[in-house]
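What follows is the residue order along each chain.
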Amino acid sequence: MKRKVLALVCALTLGATLLGGCGSAPAAAQPETQAAADAANAQDDGADAQDGADADTAADAQDDAGEGAQASEEVEAKGTVTVAATPVPHAEILNEAKALMAAKGWTLEVTEFTDYVQPNEVVESGEIDANYFQHINYLNSYNEEKGTHLVNAGEIHYEPMGIYPGKASDLAAISEDAEIAVPNDTTNEARALLLLQEQGLIELDPEAGITATVLDITANPSNIKIVELAAEQVARTLPDVAFGVVNGNYALQAGLSTADAVAQETESSEAIQQYVNVIAVKEGNENNEGIKALVEVLKSDEIKKFIEENYQGSVVPYEG
């Protein structure tokens, strides 16, 4: 390129000399020669600049390709994690977690159940990797009763149990022989009875603790009749009883909120700390990579925010 410019300058200079010989003014030729040289240099500089821009564009494209390859490597598919869950709030929370799991390379598949038995059966059999519906005391009780081998892989949230109005609305004015429905499984019944005791409606044998049943009631001033039902049926029975003690997830499923409850477990209560909902897996699978990723996602700030904004106290993230 520079040789071309030099040749052009020489040609212009020769032309100017010839013109001078023909009587043209040399002073006028000099600016024209300089202008031509400047134009040629400008063209050369422009070409160099274009070459540089093309090189930069190519380098940027290469960098972008490298970053794209790196991002692709970061979300490389690792496999699928299958989870059995009750619809509200567990399946809802899991569905919110799908995108976060995908960002880690995992596909999260959720199968919904509406009872407290099948989710454990499918995990015990190996049909499904994990379940998310139960608290640790129910898990331990189920293992003891059924001879299963399920273990806690991570504590996620708790759901305060509440007393909800049915035919009546004032616990302090409860009538003689009023019926109160409670869950009939071992751990949830004890929890319900402890809540009734906190409200002064009954007294329990202090040694019974979280294994209390109706047989452990030592005082019942209003002769309350305890109606034992499957946990998922209690909320549906409210129109037929004075009150019902309903698990948090079934209360949500029935369209009830904490504002509807006439009494509720408090965060500071001893019982509630023992009823944290967990991810359960078959023993030996608790350290599987996919399960650990699931627990990490469910305890993330994003999921905590989702729980707090959507359930407003009916479901509370566990900080332990």
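Here the structure is a predicted model, which means the values were calculated and not measured. (Residues numbered from 1 in each chain as written. Predicted model: local features only at pLDDT ≥ 70, side-chain atom pairs only at ≥ 80, totals over all residues. Heavy atoms only, no water.)

Participant: Talk me through the overall build of the protein chain; I want residue IDs and the actual numbers.
Facilitator: Helices and strands together make up the secondary structure of the protein chain, namely 9 helices and 13 strands. Across the 320 residues that make up the protein chain, the buried fraction comes to 42%. Counting every atom, the protein chain has about 16400 Å² of accessible surface; 49% of that belongs to carbon and sulfur. (Helix = DSSP H or I, 4+ residues; strand = E, 2+ residues; numbered from the N terminus. Buried < 20%, exposed > 50% of the residue type's maximum accessible area, 1.4 Å probe, protein only. Areas by Shrake-Rupley, 256 points an atom, 1.4 Å probe, with all protein chains shown as cover.)

Participant: Pulling in residues and values, what's your account of the nonpolar core?
Facilitator: Core analysis: the largest hydrophobic core is formed by 30 residues, its most contacted members being I279, L294 and L298. Every element with two or more residues in this core is listed here: β1 (79–85), α3 (87–103), β2 (106–112), β3 (130–135), β4 (150–158), β12 (276–282), α8 (289–298) and α9 (301–311). Ignoring any residue separated from it by four or fewer positions in sequence, one finds I279 in contact with A130, N131, Y132, V151, N152, A153, G154, I156, L294, V295 and L298. (Core = buried A, V, L, I, M, F, W, Y, C linked by side-chain atoms within 4.5 Å. Contact = heavy atoms within 4.5 Å.)

Participant: An account of the sheet that holds strand β9 (residues 225–229) is needed here, citing residue identities and associated values.
Facilitator: Strand order in the open sheet made by the 5 strands is β9-β6-β10-β5-β11, with mixed pairing throughout. Only two strands of the sheet have a single neighbouring strand rather than two, namely β9 and β11 (263–264). Contacting β5 (162–165), β6 (179–183), β9, β10 (243–246) and β11, helix α6 (residues 186–198) crosses the sheet at an angle of about 140° to β6. (Pairing = 2+ DSSP bridges. Axes fitted to C-alpha atoms, helices over the stretch in contact; angles between N-to-C directions.)

Participant: So what about α6? Which residues, and what values?
Facilitator: Helix length check: α6 (13 residues) gives 19 Å between terminal C-alpha atoms against 18 Å at 1.5 Å per residue, within 8%. The set of residues buried in α6 consists of T187, N188, E189, A190, R191, A192, L193, L194, L195 and L196. Positioned one or two residues after α6, G200 has a phi angle of 80°, which is positive. (Expected span 1.5 Å × (residues − 1).)

Participant: Kindly report on the packing of aromatic side chains, identifying the contributing residues and their values.
Facilitator: Under the defined criterion, the tally for this structure stands at 6 aromatic pairs. Seen from their ring centres, F306 and Y311 are 6.1 Å apart, and the 85° between their planes marks the pair as edge-to-face. A connected cluster of aromatic rings, assembled from ring pairs, spans Y116, F133, Y138, Y142 and Y250. (Phe/Tyr/Trp six-rings, centres within 6.5 Å; stacked < 30°, edge-to-face > 60°.)

Participant: How would you explain the sheet that holds β2 if you had to name every residue and give the values?
Facilitator: Through backbone hydrogen bonds, the strands of a sheet pair up, either in parallel or in antiparallel fashion. In spatial order, the strands read β2-β1-β3-β12-β4-β13; together these 6 strands make up an open sheet with mixed pairing. The sheet is open, and its two edges are formed by β2 and β13 (316–317), each paired on a single side.

Participant: Would you mind going over the pattern of salt bridges in detail, with residue names and values included?
Facilitator: A full pass over the atoms with the stated rule returns 4 salt bridges. Between E296 and K104 there is a salt bridge, with its nearest N and O atoms 3.1 Å apart. One end of the pair, E296, is in helix α8; the other, K104, is in the loop between α3 and β2, with 192 residues separating them in the sequence. The partner of E265 in a salt bridge is R191, and the shortest N-O contact between them spans 2.8 Å. Placement of the pair is E265 in the loop between β11 and β12 and R191 in helix α6, with a sequence separation of 74 residues. (Salt bridge = Lys/Arg side-chain N within 4 Å of Asp/Glu carboxyl O.)

Participant: Hey, could you go over the environment of I128 for me, with residue numbers and the actual values?
Facilitator: If you trace the backbone, I128 turns up in the loop between α4 (118–124) and β3. For the pair I128 and V281, spaced 153 residues apart in sequence, the C-alpha separation works out to 8.9 Å. Those residues within four positions of I128 in sequence are excluded, and the remaining contacts are T82, V83, A84, T111, F113, V122 and V123.

Participant: Explain the environment of G290 to me, and be specific about the residues and the numbers.
Facilitator: Structurally, G290 is set in helix α8. Residues G290 and K104 lie 186 residues apart in sequence; the distance between their C-alpha atoms is 9.5 Å. Not counting chain neighbours up to four residues away, the residues in contact with G290 comprise V81, M101 and W106.

Participant: Give a description of α3 that names residues and reports values.
Facilitator: With 17 residues, α3 should reach 24 Å at 1.5 Å per residue; the first-to-last C-alpha distance of 24 Å fits that figure. Helix geometry: α3 is bent most strongly at A97, by close to 35°. Residues of α3 that are buried include every one of P87, V88, P89, H90, A91, I93, L94, A97 and M101, and no others. Two residues or fewer past α3, G105 is found with a positive phi of approximately 95°. (Bend = angle between axes of the 7 residues up to and from the residue.)

Participant: Mind laying out unusual backbone geometry, listing which residues take part and the relevant values?
Facilitator: Note: most residues except glycine have negative phi, and most peptide bonds are trans. Following V88, the chain continues to P89 via a peptide bond in cis, the omega torsion being 0°. Phi at D177 is positive, roughly 65°, even though this residue is not glycine. By the secondary structure assignment, D177 is in the loop between β5 and β6. The exposure class of D177 is partly exposed, given its relative accessible area of 36%. At Q312, a position not held by glycine, the phi torsion is positive, near 45°.

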